[in-house]
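Observations on the three-dimensional arrangement
In case you want the letters, here they are:
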Amino acid sequence: MTPAIFGISGLTLTADERAFFTQADPAGYVLFGRNVQNPSQLRALTDELRAIHGREKLFIGIDQEGGRVARMRPPEWSPFPAGAAFDALYEIAPSSAIAAARANAQALGIELAEAGITVDFHPPLDVRQPGAHDVIGDRALGSEPMRVAALGRAILEGLADAGVAGCIKHMPGHGRSQCDTHKEMPTITASEAELETDIAPFRALNWAPMGMTGHLLFTAWDAENPATLSSTVIERIIRGRIGFDGLLLTDDIDMEALDGSIPDRSARAIVAGCDLVLNCWARMDEMVGIAECLPEITSLAAERLDRALAGVGQAQAADKSALLATRDELLALAEVSV
């Protein structure tokens, strides 16, 4: 198995993609708006991916947070709010905010599971900092670490109730970024003591099934390598201080925050300690290069992958309409509408 998550170019697999995926046997796939048209098309696509590998619990991931980060959108799918909605409710009614976040995540997870999607790259546990770039912005669950952790836990539990695995991101924290990692590398000069705020939610939820790194340079920990490519950050901070032992994947390895060729970046991420490389853009030459340069998935990473997907498909019986009604009734307390 290739320790990579690959993208797909369109609404259906091309013949070249099918042949390559059969040979390379990637750990999983990531879906974007270009892969999503309607429920029947999307389910057919995910079923075809499962048929290639014969793995019912196949890693098929998507960024479906709500708000501006949503690949599945109305009118085919339900609208979901950004994290800031639950932060606003928490300000006046913490327990109601937690209940709303969990109901929202379970309803969201039901739609993902119906589409054959097994992983949601959600929730972001980035603690919002004043003056930071809006690449996180209203996606954040708050500016206080334990509020972020409480709402993040509710989201993980709601997704799990729907039989979908959540993924905490962006370790060890993206809340201080002064730029967009899609375009350039953020350099974070906060001290180790100050960064305790950033890692606190991740430490509180270090039992999460999987997590994603962020492409940020933390000078207090490693002044030369961004977190995704830093063995110091991965081993000493993410695995050590945070105590995360779940499946660790990179943020999109194609982002302009990183330098070098895509295969080179991928190899460096695996050497640094990431379990899987996330490659989103479905460029065949880059995917082939990644498959050629990466070693076989390690036994530890394969074990973490199996553990992360263990609850996939084990959904609790629930009515999506009732969950959404509960969410909306609670959010109305803070005068928030979806």
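Everything numeric here is computed off the predicted structure, so don't read it as measured data.

Moving on to the sheet that holds strand β7 (residues 165-166). Within a beta sheet, neighbouring strands are joined by backbone hydrogen bonds and run either parallel or antiparallel to one another. One open sheet holds the six strands; their spatial order is β7-β6-β3-β2-β1-β13, and the pairing between them is parallel. Looking along the sheet, the strands with just one partner apiece sit at the ends: β7 and β13 (277-279). With three bridges joining them, strand β1 (residues 2-7) and β13 adopt parallel strand pairing. Within β13, the residue paired with F6 across the bridge is N279.

In this structure, the amide linkage connecting K169 to the following residue, H170, adopts the cis form with an omega of 0°. Looking at the element boundaries, H170 is found in strand β8 (residues 168-171). Notably, A282 is not glycine yet its phi reads approximately 60°, a positive angle. Examined against the element boundaries, A282 turns out to sit in the loop between β13 and α9 (284-293). We note that E335 has phi near 55°; this positive angle belongs to a residue other than glycine. Residue placement: E335 occurs in the segment after α11 (320-331).

Moving on, we come to the pattern of salt bridges. In total, this model carries 30 salt bridges according to the counting rule given. Taking the shortest distance from any N to any O, the salt bridge between R304 and D245 comes out at 3.0 Å. Of this pair, R304 sits in helix α10 (residues 299-308) while D245 sits in the loop between α7 (231-241) and β12 (247-249), and the two are 59 residues apart along the sequence. Judged by relative accessible area, which is 40%, D245 ranks as partly exposed. Through salt bridges that share partners, R239, D245, D275, E303, R304 and R307 make up one connected network.

Before going further, it helps to examine the pairing of strand β2 (residues 26-31). Residues in a regular strand project their side chains so that they alternate between the two faces of the sheet. With six of six residues buried, β2 is to be regarded as a mostly interior element. Regarding the hand of the β-α-β motif, the stretch spanning β1, helix α1 (residues 15-24) and β2 is right-handed. In the sheet, β2 pairs with strand β3 (residues 59-62) via four bridges, with the strands oriented parallel. Among the inter-strand pairings, L31 is bridged to a residue of β3, identified as I62. In this region the chain leaves β2, passes through helix α2 (residues 39-53) and returns to the parallel neighbour β3; the handedness of that crossover is right-handed.

Further remarks concern the environment of R268. Residue position: R268 is located in helix α8 (residues 262-272). Separated by 40 residues in sequence, R268 and T228 place their C-alpha atoms 8.7 Å apart. When neighbours within four sequence positions are excluded, R268 is seen to be in contact with N225, L229 and D259.

Enumeration according to the criterion identifies seven aromatic pairs in this entry. Between the aromatic rings of F32 and W281, the centroid separation amounts to 5.6 Å while the plane-to-plane angle is 25°, which identifies the pairing as stacked. On the criterion of sequence distance, the pair formed by F32 in the loop between β2 and α2 and W281 in the loop between β13 and α9 is long-range, its members being 249 residues apart. The class for W281 is partly exposed, based on a relative accessible area of 38%. Pairing F59 with F121 gives two aromatic rings, centres 6.1 Å apart and planes at 40°, and the pair type is tilted. With a gap of 62 residues between them, F59 in strand β3 and F121 in the loop between β6 (119-120) and α5 (145-161) connect regions that are remote in the sequence. Judged by its relative accessible area of 0%, F59 is buried.

Rules used throughout
- Residues numbered from 1 in each chain as written.
- Predicted model: local features only at pLDDT ≥ 70, side-chain atom pairs only at ≥ 80, totals over all residues.
- Heavy atoms only, no water.
- Pairing = 2+ DSSP bridges.
- Helix = DSSP H or I, 4+ residues; strand = E, 2+ residues; numbered from the N terminus.
- Salt bridge = Lys/Arg side-chain N within 4 Å of Asp/Glu carboxyl O.
- Buried < 20%, exposed > 50% of the residue type's maximum accessible area, 1.4 Å probe, protein only.
- Right-handed = clockwise from strand over helix to strand, strands pointing away.
- Contact = heavy atoms within 4.5 Å.
- Phe/Tyr/Trp six-rings, centres within 6.5 Å; stacked < 30°, edge-to-face > 60°.

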